[in-house]
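# Summary of the model geometry
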Amino acid sequence: MFELLSQDLRRYYRAESAEGRRAAAFHACLTYGFIATCLYRYGRWAKSIRPRWLSLPFKLVYRVLKVPMELVFGIDISVNSNIGPGLYIGHFGGIFLVCDAGANLSVSQGVTIGYKGAGKSDRWPRIGDNVYIGAGAKVIGDISIGDGVVIGANTAVTKDVPAHMRVVGAAVRMTSLPDAGEKRRRTQPVAVESPP
C-alpha cells in the first residue's frame, strides 16, 4: 500500500513543483485527488487482510470515511477496482471509477468508468498504462483501452481502443425505444366535440 501511495504522491508533487519543494509537498498531500487515492489504497489494503474477521475493524473505518469523501469531494473509487501506481486525479467532482487500470492513469473531473448498466454488462473496462481521460469522458462496459491512449473531453467510449490512439467526440445514434410508439399513442390528448 505505501509503495503505491508514494508513486501516486510523486505525480501530485510534480504537478505542484513550481511552488517550491516544501510547498509542493504540502499541497500535493492536501490535493482532493490524492486524499481520495489514499482512501482507495487503504480500502484495497483492508480488503486484502486475511483472515477476514481480522479485517472487519479496518473495513469499518473505510466505510465510515468513504461516505464523507463522496459527499465532500465527489470522488468514488470502488475497492473492487485494481488500479496500478501513479493514479492522478487532477480535479474533484463527479468522478466514479470501477476498472482495472495500469500505471499512471490520469483522470479529470466528471469522468465515469464502469459497467455498461441496464443489465447489459457484468465486467468493467480494462485500461492500460499511461492513459489520460479528459473531463466529462465516459468509458463504459467490457472493453479494453490500450497503453498511451488519450481520451478527449466529453467522449463516450464503448468499444475497444488500440494502444497509442487519440479518441475524441461522441457519435450520436438515435433509435426508438421498443414501446415508444405505444406510449406516445396513450399520452396524446383525444379531441372531444362539445355539444352544440
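Heads up: these notes are all about the structure in this document. Bear in mind the structure is a predicted one, so any value in this text is a computation, not a measurement.

Rules of the game
- Throughout, a residue's number is its position along its own chain's written sequence, starting from 1.
- At least 70 in pLDDT is required for a residue's local features to be given in this predicted model, at least 80 for side-chain atom pairs to be given and counted, and no such filter applies to totals for whole chains, interfaces and linings, which use all residues.
- Hydrogen atoms and water are omitted, and side-chain values are computed over all heavy atoms in the structure.
- Each helix corresponds to a stretch of at least 4 residues labelled H or I by DSSP, and each strand to a stretch of at least 2 residues labelled E; elements are numbered beginning at the N terminus.
- By this rule, a helix spans an expected 1.5 Å times one less than how many residues it contains.
- Throughout, exposure labels follow a simple rule: accessible area from a 1.4 Å probe, protein chains only, divided by the maximum for the residue type, with under 20% read as buried, over 50% as exposed, and the rest as partly exposed.
- Think of it as the arc spanned by the lines of direction from the helix axis to the C-beta atoms.
- By definition in these notes, contact holds between two residues if any of their heavy atoms fall within 4.5 Å.
- What is meant by a nonpolar core is a set of buried Ala, Val, Leu, Ile, Met, Phe, Trp, Tyr and Cys residues, joined one to another through side-chain atoms within 4.5 Å.
- Patches here are clusters of residues that have more than 30% relative accessible area and form no salt bridge, with a 9 Å joining cutoff for like charges and a 5 Å cutoff for nonpolar side chains (Val, Leu, Ile, Met, Phe, Trp, Tyr).
- Note on areas: Shrake-Rupley with a 1.4 Å probe; residue coverage comes only from the protein chains shown.
- We define a salt bridge as a contact between a side-chain nitrogen of Lys or Arg and a carboxyl oxygen of Asp or Glu at a distance within 4 Å.
- Pairing between strands requires that DSSP locate at least two bridges from one strand to the other.
- Stacked, tilted and edge-to-face are the three classes applied to pairs of Phe, Tyr and Trp rings, where Trp contributes its six-membered ring and a pair requires centres within 6.5 Å; stacked means planes under 30 degrees apart, edge-to-face means over 60, and tilted covers the rest.

### Notes on helix α1 (residues 2–16)
End to end, α1 covers 21 Å across 15 residues, agreeing with the expected 21 Å (1.5 Å per residue, within 8%). Taken together, the buried positions of α1 are Leu5, Asp8, Arg11 and Tyr12. Projected onto a plane normal to the axis of α1, the buried residues spread over an arc of 115 degrees and lie on a single side. Exposed side chains of α1 directed beyond 90 degrees from the buried face belong to Phe2, Glu3 and Arg14. At its buried positions, α1 is contacted by α2 (21–29), α3 (32–48), β3 (88–89) and β6 (106–107).

### A closer look at the nonpolar core
One finds Ile77, Ile83, Leu105, Ile127, Ile133, Ile145 and Ile151 to be the most contacted residues of the largest nonpolar core, which totals 39 residues. Top contributing element to this core by residue count: α3, with five residues. In this view, Leu105 contacts Arg11, Ile83, Gly86, Leu87, Tyr88, Ile127, Val131 and Ile133; residues no more than four positions away in its chain are not counted.

### What about a nonpolar patch on the surface?
A surface patch of nonpolar side chains, about 360 Å² in accessible area, is lined by Trp53, Leu54 and Leu56. Assignment of secondary structure puts Trp53 in helix α4 (residues 52–73).

### Examining the sheet that holds strand β9 (residues 132–133)
Pairing in this open sheet of five strands is parallel, and the strands run β3-β6-β9-β12-β14 from one edge to the other. The open sheet is flanked by β3 and β14 (166–167), the only strands paired with a single partner.

### Observations concerning the sheet that holds strand β8 (residues 126–127)
Taken in spatial order, the four strands make up an open sheet running β2-β5-β8-β11, and their pairing is parallel. Where the open sheet ends on each side, the last strands, each with one partner, are β2 (82–83) and β11 (144–145).

### Let's talk about the pattern of salt bridges
Under the defined criterion, the tally for this structure stands at five salt bridges. A salt bridge links Arg41 to Asp8, with the shortest nitrogen-to-oxygen separation between them at 2.8 Å. You can see Arg41 sitting in helix α3 and its partner Asp8 sitting in helix α1, a full 33 residues away along the chain. An identical accessibility class is assigned to Arg41 and Asp8; each is buried.

### Some words on the packing of aromatic side chains
Evaluated as defined, the whole model comprises five aromatic pairs. Summarising the aromatic geometry, the rings of Tyr32 and Phe92 are spaced 4.6 Å apart at their centres and angled 50 degrees between planes, so their arrangement reads as tilted. Of the two residues, Tyr32 sits in helix α3 while Phe92 sits in the loop between β3 and β4 (95–97), which places them 60 residues apart along the sequence. The partly exposed category is assigned to Tyr32, whose relative accessible area is 39%. Aromatic side chains Trp45 and Phe58 sit 5.1 Å apart centroid to centroid with 80 degrees between the ring planes, which places their arrangement in the edge-to-face category. Here Trp45, found in helix α3, pairs with Phe58, found in helix α4; they are 13 residues apart in sequence, far enough to count as distant. For Trp45, a relative accessible area of 33% gives the class partly exposed. Chaining the aromatic ring pairs together yields one cluster made of Tyr32, Phe73 and Phe92.

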